[in-house]
Amino acid sequence: MPHTALPPDDVLAGLLLAGDETAFAQVVDAWSPGMVRLARVYVSTEDSAAEVVQEAWLAVVRSIATFAGRSSLRTWVYRIVANIARRRGGREARTVPASSLGAGPGTDDAGPGTGDTGGPTVDPARFAAPGHPFAGHWQQPPAPWPGPEQALLAAEVRAEVAAALAGLPARQRVVITLRDVHGYDSAEVCSILEISVANQRVLLHRARAAVRLRLERYFDHAAARAAEEVP
Amino acid sequence: MTDPAEPSNEPVDHLACNELVELVTVFLEGDLDPATERRVIDHISLCDGCDLYVDQVRQTTDVLAGLSGGAPLSPADRERLLATFRDSSG
Ligand SMILES: [Zn+2]
């Protein structure tokens, strides 16, 4: 959907500060869909996400005078969305265990391979043990996955991935959703979440490994079922 | 398969598969230093298990990309916002 290019940030901020309604309508239309997606990462319903975005725009209107141009205006607005949505998501008791909503490192450890830091992301038992001539090499390598050609399979696979996302520790879920679902780049995600490049990468790495593992188990079960059905 | 521009007999410090799987993300981000990147590519070219693993991580991100949604604001929400903006900047 093409919309007229937005003016540069300093001009735009000045227009908003001056109460220019056309400029406000322009940014609302340009950024709200992305803001809804961002909010949806933290809250459990579309309605909540829409409310977060409303609240965020009101906060933007109230505090536009404090925009100092250290980040882009869009990033500044997105941070406001993330903060409001995070607070609200914390209040909604959603599927994420309360312990994983903390922001500090080490609070996301929910078992082997699922924490934010340390530990291998692939079960060590799948590799030859130390001392073995092929130590560290695959003993149980991945099996090929079927192509996603069947529509039914594709829908099931999407549902499986969505369930895997919902089960991730909160910080991993936020990072992988922004990066892989919504296509933000690494710099944007670091800026919006105010985390380091290294931290972002660890969270993304662990999250992707967990989602891949879930798909692997799904395909393994599907293959086992298919084998049983063959007379 | 050797690149004629590169000496083919330089000692190669081989990665183990369990090391490679922890480099997949930084590899896909394109953030590895050139020497390590080459070790990863060399390993993948020789190891079906790791080739498949990296490909499955890519397939996983493809499925994730297909989950994208995100709707524009409802007309009522949009109108309410514009009205608030109008009032607040009186
Ligand atoms: Zn390997």
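The name an unreviewed UniProt entry gives chain B is Zf-HC2 domain-containing protein, with Jiangella ureilytica as the organism.

Digging into the environment of Leu203(A)
All names here are of chain A. Here Leu 203 is to be found in helix 8 (residues 197-229). You can call Leu 203 buried: its relative accessible area is 1%. Between the alpha carbons of Leu 203 and Ala 170 there is a distance of 10.0 Å; along the sequence they are 33 residues apart.

Observations concerning the environment of Gln56(B)
Along the chain, the position of Gln56(B) falls in helix 4 (residues 48-65). Measuring from C-alpha to C-alpha, the distance between Gln56(B) and Glu19(B) comes to 17 Å, with 37 residues separating the pair along the chain. Those residues within four positions of Gln56(B) in sequence are excluded, and the remaining contacts are Pro142(A), Ala143(A), Pro144(A), Trp145(A), Arg212(A) and Glu216(A). Side-chain polar atoms of Gln56(B) contact the backbone oxygen of Ala143(A), separated by 2.8 Å.

Quick notes on the interface of chain B and chain A
In many reports, interface size means the accessible area that the parts give up when they come together. In this assembly, 45 residues from chain B lie in contact with 52 residues from chain A. Interface area, chain B with chain A, both sides summed: about 4,000 Å², of which 66% is carbon and sulfur. Looking only at chain B, the three residues that lose the most surface to chain A are Leu64(B), Leu81(B) and Phe85(B), adding up to 17% of its buried area. Along the contact surface separating chain B from chain A lie four salt bridges. Between Arg86(B) and Glu21(A) there is a salt bridge; the shortest N-O distance is 2.9 Å. Our count for the contact surface shared by chain B and chain A stands at 13 residue pairs in polar contact (both at pLDDT 80 or more). Looking at the side of chain B that touches chain A, the elements that each hand over two or more residues are helix 1 (17-20), helix 2 (24-28), helix 4 and helix 5 (75-89) of chain B. At 12 residues, the largest contribution of residues to the side of chain B that touches chain A is made by helix 4 of chain B.

Parameters and conventions
Residues numbered from 1 in each chain as written. Chains lettered and ligands numbered in written order. Predicted model: local features only at pLDDT ≥ 70, side-chain atom pairs only at ≥ 80, totals over all residues. Heavy atoms only, no water. Helix = DSSP H or I, 4+ residues; strand = E, 2+ residues; numbered from the N terminus. Buried < 20%, exposed > 50% of the residue type's maximum accessible area, 1.4 Å probe, protein only. Contact = heavy atoms within 4.5 Å. Polar contact = N/O pair within 3.5 Å; in protein donor to acceptor, adjacent residues only side chain to side chain. Buried area = accessible area lost by both parts, 1.4 Å probe. Salt bridge = Lys/Arg side-chain N within 4 Å of Asp/Glu carboxyl O.

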